[in-house]
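Observations on chain architecture
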Amino acid sequence: MNIYKEIERLIQYGLQKNMISSWDVDYLRNTLLETFNLDAAEPVIVEAENLETPFDILENMLEYAIDEQLIPDDTVTQRDLFDTRIMGRLVPRPREVIRQFYELYKKAGPEEATNYFYELAKSSHYIRTDRVAKNVNWSSTTTYGDMEITINLSKPEKDPKAIAAAKENTSVAYPKCLLCKENVGYAGRLDHPARQNHRIIPIELTGQRWFLQYSPYVYYNEHAIVFSEEHSPMKISKEGFGRLLHFVEQFPHYFVGSNADLPIVGGSILSHDHFQAGRHPFPMEKAPIEESMDFDDYPGIKVGKVKWPMSVIRLQGEDRADIANLADKILQSWKSYDDESLDIVSETDGTQHNTITPIARVRNGVFELDLVLRNNRTSSAHPMGIFHPHEEVHHIKKENIGLIEVMGLAVLPGRLVEEMDVLARHMLKNDLDTEAIMDERTNKHVDWAKQIIATHPQLNANNIKETLKQEIGRTFSRVLEHAGVFKRTPEGEEGFRRFLKTVEWCNQEELR
């Protein structure tokens with residue numbers, strides 16, 4: 001492997017992806033020579049090639065760095081730190097990325113601006129497309145429409161040294177979290193990823209400075225993160241509803257949503273206020289309104305209950321301020337709402353339990369805001385959460401139900417790939433009670449597998465894997481039913497109507 005050739009290949013790649021210009025070539029070559037502790041370039045012949053990603057080049061460079069002991073340990077963490085340092089040399093300075101983004105926004109529109117920014121995130125290896133491609137994806141037909149399933153294989157397991165470093169690091173708290181704007185250009189360390197190739201776009205939401213970036217591990221098309229300039233906690237509020245609607249007004253080709261602001265029903269980062277956005281029609285967006293109602297003081301807003309396993313109220317209108325105001329009325333009513341007959345208790349000893357997961361979009365030129373009612377109370381019967389996946393579905397999904405899952409995309413653990421392969425073999429051999437029950441990979445799935453066999457008498461080697469995929473999707477719809485505060489039973493539906501009638505200014509006669 002010739003490191004000089006790989007340097008020239010990377011320069012060629014940077015030119016092809018418009019990350020550098022011809023005026024940058026000498027400068028970039030010298031910075032790469034410095035990165036590899038080389039004093040001078042050597043003439044090499046590089047064949048023309050058109051690469052989608054720099055993965056092959058970086059792999060060769062990493063092998064050289066390991067051989068030359070430029071990397072202390074051959075681990076995923078150390079390799080990621082080093083190849084991000086390499087790619088950081090190619091990415092334009094923040095001011096240039098921001099300038100190009102807003103020039104495109106003004107001249108060609110928001111879609112062209114986000115197209116540019118998303119392609120840069122992929123070309124710069126910030127989005128590691130080689131890892132994202134490892135995810136297993138399919139859709140499953142359910143009574144609520146086609147659910148989307150992703151088995152997450154893209155995030156590498158942390159190596160033991162990185163885990164130990166995280167435990168020992170009690171002095172470094174910079175950046176404060178993975179979302180803070182100070183991550184841009186940061187070199188990283190064993191317990192914090194490198195971000196030299198990371199760029200963010202400043203945006204204004206209802207008079208406040210926020211930023212737009214992309215997720216390094218995309219779960220759907222153009223998976224974006226919108227985050228506050230300030231490191232302040234998540235909070236569901238009227239102001240937050242206004243910011244969501246202002247975002248889709250500026251980027252109408254994207255949806256945007258917020259995780260709830262309470263543990264169990266919230267996201268993985270509650271310490272920094274942020275949204276998730278992107279260009280993807282989720283199953284919940286396609287779900288129809290099954291009951292409509294009117295609010296007397298908001299004649300311009302259509303309000304409906306959505307046919308979905310969770311409890312969803314959809315607001316549609318042209319005035320984003322009115323929608324935010326009505327959404328706040330619903331939020332305030334829900335935060336103090338109790339219905340003990342349905343296990344809904346709004347607070348315990350001053351601890352709040354009720355909140356909302358909101359999602360905004362523009363559909364046919366009209367603002368749309370979905371409000372998903374959430375409750376994070378626990379009980380002795382359901383210690384992980386009353387409105388959380390119950391134990392009967394933990395063999396498939398036991399993690400918190402965040403924004404992405406709420407909208408109908410299941411992000412499932414990578415263990416399921418092997419477990420389903422092994423389970424299929426046991427099912428075909430008819431040894432669930434003898435072999436599968438003794439196998440730690442499959443014993444948790446045995447009861448579920450028996451139910452599948454009972455309802456699919458024609459199972460065979462040709463259809464069993466597809467059958468298991470479809471049943472995983474149906475199980476996910478039950479996961480969402482567990483997370484729904486008003487169950488899709490006659491009692492639950494009537495309870496939902498009772499709540500809606502408590503919201504101030506709701507015309508009860510129009511609830512139909």
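Residues numbered from 1 in each chain as written. Predicted model: local features only at pLDDT ≥ 70, side-chain atom pairs only at ≥ 80, totals over all residues. Heavy atoms only, no water.

Right, let's get into the packing of aromatic side chains. Per the counting criterion, the structure on display carries 22 aromatic pairs. Arranged with centres 5.2 Å apart and planes meeting at 80°, the rings of Phe255 and Phe282 form a pair that is edge-to-face. With Phe255 in strand 6 (residues 255-257) and Phe282 in the loop between strand 7 (274-278) and helix 10 (283-286), the pair connects residues that are 27 residues apart, well separated along the chain. This pair shows no difference in class: Phe255 is buried, exactly as Phe282 is. (Phe/Tyr/Trp six-rings, centres within 6.5 Å; stacked < 30°, edge-to-face > 60°. Helix = DSSP H or I, 4+ residues; strand = E, 2+ residues; numbered from the N terminus. Buried < 20%, exposed > 50% of the residue type's maximum accessible area, 1.4 Å probe, protein only.)

Now for the confidence of the model for the protein chain. Confidence in the prediction for the protein chain averages 94 pLDDT; 95% of positions are at 70 or higher. Here residues 508-512 scores under 50 on pLDDT; set against residues more than four positions off or in separate chains, the count is 13 contacts. (pLDDT = per-residue confidence, 0-100. Contact = heavy atoms within 4.5 Å.)

In terms of burial, strand 5 (residues 224-228) is largely enclosed, as 5 of its 5 residues are buried. Every second residue of strand 5 is oriented toward a common face, with Ala224, Val226 and Ser228 on one face and Ile225 and Phe227 on the other, all of them buried. Taken together, the 5 bridges between strand 4 (residues 208-214) and strand 5 define a ladder with antiparallel strand orientation. Counterpart to Trp210 in the pairing with strand 5 is Ser228. Pairing analysis gives 4 bridges linking strand 5 to strand 7, with the strands arranged antiparallel. By the bridge assignment, Ala224 is partnered in strand 7 with Ala277. (Pairing = 2+ DSSP bridges.)

Between its first and last C-alpha atoms helix 3 (residues 55-67) spans 18 Å; for 13 residues at 1.5 Å apiece the expected length is 18 Å, and the two agree. Turning to helix 3, its buried residues number three or more, namely Ile57, Leu58, Met61, Leu62, Tyr64, Ala65 and Ile66. Here the buried face of helix 3 lies against helix 1 (3-16) and helix 4 (76-88). (Expected span 1.5 Å × (residues − 1).)

This part takes up the pairing of strand 10 (residues 312-317). Across the 6 residues of strand 10, 6 count as buried, placing the element largely inside the fold. Burial along strand 10 is two-sided: Val312, Arg314 and Gln316 and Ile313, Leu315 and Gly317, pointing in opposite directions, are all buried. When strand 9 (residues 302-306) meets strand 10, the two strands line up antiparallel, connected through 4 bridges. Looking at the pairing, Lys302 lines up with Gln316 of strand 10. Following strand 9, the chain reverses through 5 residues before pairing antiparallel with strand 10. Note: strand 10 against strand 14 (residues 366-375), 6 bridges, orientation antiparallel.

So, about helix 6 (residues 110-123). Over its 14 residues, helix 6 runs 20 Å from end to end, which matches the ideal 20 Å to within 8%, given 1.5 Å per residue. Considered for burial, the residues of helix 6 that qualify are Ala113, Thr114, Phe117, Tyr118, Leu120, Ala121 and Ser123. Residues of helix 6 that are buried make contact with helix 1, helix 4, helix 5 (94-108), strand 3 (201-205) and strand 4. Taken from the residues just after helix 6, His125 is the one with a positive phi, measuring 70°.

What follows deals with the pattern of salt bridges. Where charged atoms of side chains with opposite charge meet at close range, the side chains can pair. By the definition in use, this model includes 43 salt bridges. The salt bridge involving Arg488 is made with Glu493; its shortest N-O contact spans 3.5 Å. Taking the relative accessible area as the measure of exposure, Glu493 reaches 14% and is therefore buried. Because the salt bridges share partners, they merge into one network encompassing Glu290, Glu291, Lys305, Arg488, Glu493, Glu494 and Arg497. (Salt bridge = Lys/Arg side-chain N within 4 Å of Asp/Glu carboxyl O.)

Together, Asp338, Glu340, Glu347 and Asp349 make up a negatively charged patch on the protein surface. Mapping Asp349 onto the fold places it in the loop between strand 11 (347-348) and strand 12 (351-352). (Patch = residues over 30% accessible without salt bridge, like charges linked within 9 Å, V, L, I, M, F, W, Y side chains within 5 Å. Areas by Shrake-Rupley, 256 points an atom, 1.4 Å probe, with all protein chains shown as cover. Lys, Arg positive; Asp, Glu negative; His and termini not counted. Charge placed at Lys NZ, Arg CZ, Asp CG, Glu CD.)

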